[in-house]
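# Report on the structure
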Amino acid sequence: MKPVAEQLKILMRGVAEVLPANSLKEKLLISQKEKRPLLMKLGADPSAPDLHLGHAVCLRKLREFQILGHQIIIIIGDFTARIGDPSGRLKTRPVLTKKEIFQNAKTYTNQLSKILDPGRTKIIFNSQWLEKLILQEVIKLAAVFNVSRILEREDFKKRFQKGIEIPLHEFLYPLLQGYDSVRIRADIEVGGMDQKFNLLAGRDVQTYF
């Protein structure tokens, strides 16, 4: 594995923000000290038939991590797609059927292999664990955030200020996405700037659990 300084030089190219600021360097140092690859996570909800350009940017960055010897796990959010990611939206997404989600997910797995090495990429569907959560566990998960913290999220804040309804199930989305990180023990998560709140929520959930 390359020295940390060399890895940082490669991995920081084209990156908008790293949170916390020095966390990537710290994780790479831990990786070298423990002689283990970092576990990199990217989540993608199959809410449309195709991955979009924003996914391609993240996938290319993951490919760089992969070349440097780190482990890539793609979480296909077949369960969270039933809620719908509220990021950047002023209205609730329409609910997709399991059949629609399954068809979309099939195209995702094919498209991922065009950028990532399929032999070194693990793809997991989050329904494997989210479908098994009991009510007590969901309540424990919901206790991670309070309402004022959730309303810091820009899209929720705008809807609240404009009097546009926010169904309670949408509040669960960032928490469930964060629980994905708990289940796979993710070291680092990659995502677009529109996912910033969700990514930070994942860090909070991992700390709580």
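Before any of the text, the structure's been laid out above.
A quick note: this is a predicted structure, and the numbers were derived from the prediction, not measured.

The rules behind these values
- Residues numbered from 1 in each chain as written.
- Predicted model: local features only at pLDDT ≥ 70, side-chain atom pairs only at ≥ 80, totals over all residues.
- Heavy atoms only, no water.
- Helix = DSSP H or I, 4+ residues; strand = E, 2+ residues; numbered from the N terminus.
- Rg over C-alpha atoms; globule rule 2.2 N^0.38 Å.
- Buried < 20%, exposed > 50% of the residue type's maximum accessible area, 1.4 Å probe, protein only.
- Contact = heavy atoms within 4.5 Å.
- Areas by Shrake-Rupley, 256 points an atom, 1.4 Å probe, with all protein chains shown as cover.
- Lys, Arg positive; Asp, Glu negative; His and termini not counted.
- Charge placed at Lys NZ, Arg CZ, Asp CG, Glu CD.
- Pairing = 2+ DSSP bridges.
- Axes fitted to C-alpha atoms, helices over the stretch in contact; angles between N-to-C directions.
- Parallel < 35°, antiparallel > 145°, perpendicular 65-115°, else oblique.
- Left-handed = near helix turned anticlockwise from the far one by under 90°.
- Nonpolar A, V, L, I, M, F, W, Y, C, P; charged D, E, K, R; others polar.
- Expected span 1.5 Å × (residues − 1).
- Arc of directions from axis to C-beta.
- Phe/Tyr/Trp six-rings, centres within 6.5 Å; stacked < 30°, edge-to-face > 60°.

Right, let's get into the overall build of the chain. What the chain contains, in helices and strands, is 10 helices and four strands. When the helices and strands of the chain are listed from N to C terminus, the series reads α-α-β-α-β-α-β-α-α-α-α-α-β-α. In summary, the chain has a C-alpha radius of gyration of 17 Å against a globular reference of 17 Å for 209 residues, a match within 12%. Along the three orthogonal principal directions, the C-alpha set of the chain runs to about 50 × 35 × 30 Å. The burial tally for the chain puts 42% of its 209 residues in the buried class. Long-range contacts, defined here as pairs at least 24 residues apart, represent 79% of the contacts in the chain between residues at least 6 apart. Of the roughly 11700 Å² of accessible surface on the chain, a fraction of 56% belongs to carbon and sulfur atoms. Considering the chain, the positive charge centre built from 34 side chains and the negative charge centre built from 23 side chains are found 4 Å apart.

Time to look at the side chain of threonine 121. On the secondary structure map, threonine 121 appears in strand β3 (residues 121–125). On the accessibility criterion, threonine 121 (16% relative accessible area) is buried. The residues contacting threonine 121, other than those within four sequence positions of it, are Gln66, Ile72, Ile74 and Leu116.

On to the pairing of strand β1 (residues 39–44), then. For β1, the buried fraction is high: five of the six residues fall into the buried class. Relative to strand β2 (residues 71–76), β1 runs parallel, the two sharing six bridges. Bridging from a neighbouring strand, leucine 39 pairs with glutamine 71 of β2. Bridge count between β1 and strand β4 (residues 188–189): two bridges; the pairing is parallel. Bridged to methionine 40 within β4 is isoleucine 188.

Interaxial distance between helix α1 (residues 4–11) and helix α2 (residues 23–34) falls to 10 Å at its minimum, and their mutual angle equals 140 degrees. By the angle class used here, α1 and α2 are oblique. The handedness of the crossing between α1 and α2 is right-handed. Taking contact as the criterion, the partners of Val4, Gln7, Leu8 and Leu11 in α1 are, on α2, Leu24, Lys25, Leu28, Leu29 and Gln32. Residue classes in the contact of α1 with α2 are distributed as six nonpolar, two polar and one charged.

Now for helix α4 (residues 98–112). When the terminal C-alpha atoms of α4 are compared, their 21 Å separation across 15 residues agrees well with the 21 Å that a helix rising 1.5 Å per residue should span. What α4 keeps buried is the set Ile101, Asn104, Ala105, Tyr108 and Leu112. Looking straight down α4, one finds its buried side chains confined to an arc of 110 degrees; they lie on one side. In this structure, α4 carries Lys99 and Asn110 as exposed residues pointing more than 90 degrees from its buried face.

Judged by pairing direction, the sheet is parallel, and its four strands sit side by side in the order β3-β2-β1-β4 without closing on themselves. Only two strands of the sheet have a single partner each, and these edge strands are β3 and β4.

Below, the discussion takes up the packing of helix α9 (residues 168–184) against helix α10 (residues 196–208). In the contact formed by α9 and α10, the axes pass within 7 Å of each other and the chain directions differ by 55 degrees. Considering their axes alone, α9 and α10 lie oblique with respect to each other. Considering only the axes of α9 and α10, their crossing is right-handed. Listed contacts from α10 to Tyr173, Pro174, Leu175, Gln177, Gly178, Tyr179, Ser181 and Val182 of α9 are Phe197, Asn198, Leu199, Ala201, Gly202, Val205 and Gln206. Residue composition of the contact of α9 with α10, by class: nine nonpolar, six polar and no charged.

Next up on the list: the packing of aromatic side chains. Applying the stated rule across the entire model yields four aromatic pairs. On the basis of an interplanar angle of 75 degrees and a centroid distance of 6.0 Å, the ring pair of phenylalanine 145 and phenylalanine 197 is categorised as edge-to-face. Of this pair, phenylalanine 145 sits in the loop between α6 (135–142) and α7 (147–150) while phenylalanine 197 is found in helix α10, placing the two residues 52 residues apart along the sequence. With centroids separated by 5.8 Å and ring planes inclined at 70 degrees, the aromatic side chains of tyrosine 179 and phenylalanine 209 adopt a geometry described as edge-to-face. Of the two residues, tyrosine 179 sits in helix α9 while phenylalanine 209 sits in the segment after α10, which places them 30 residues apart along the sequence.

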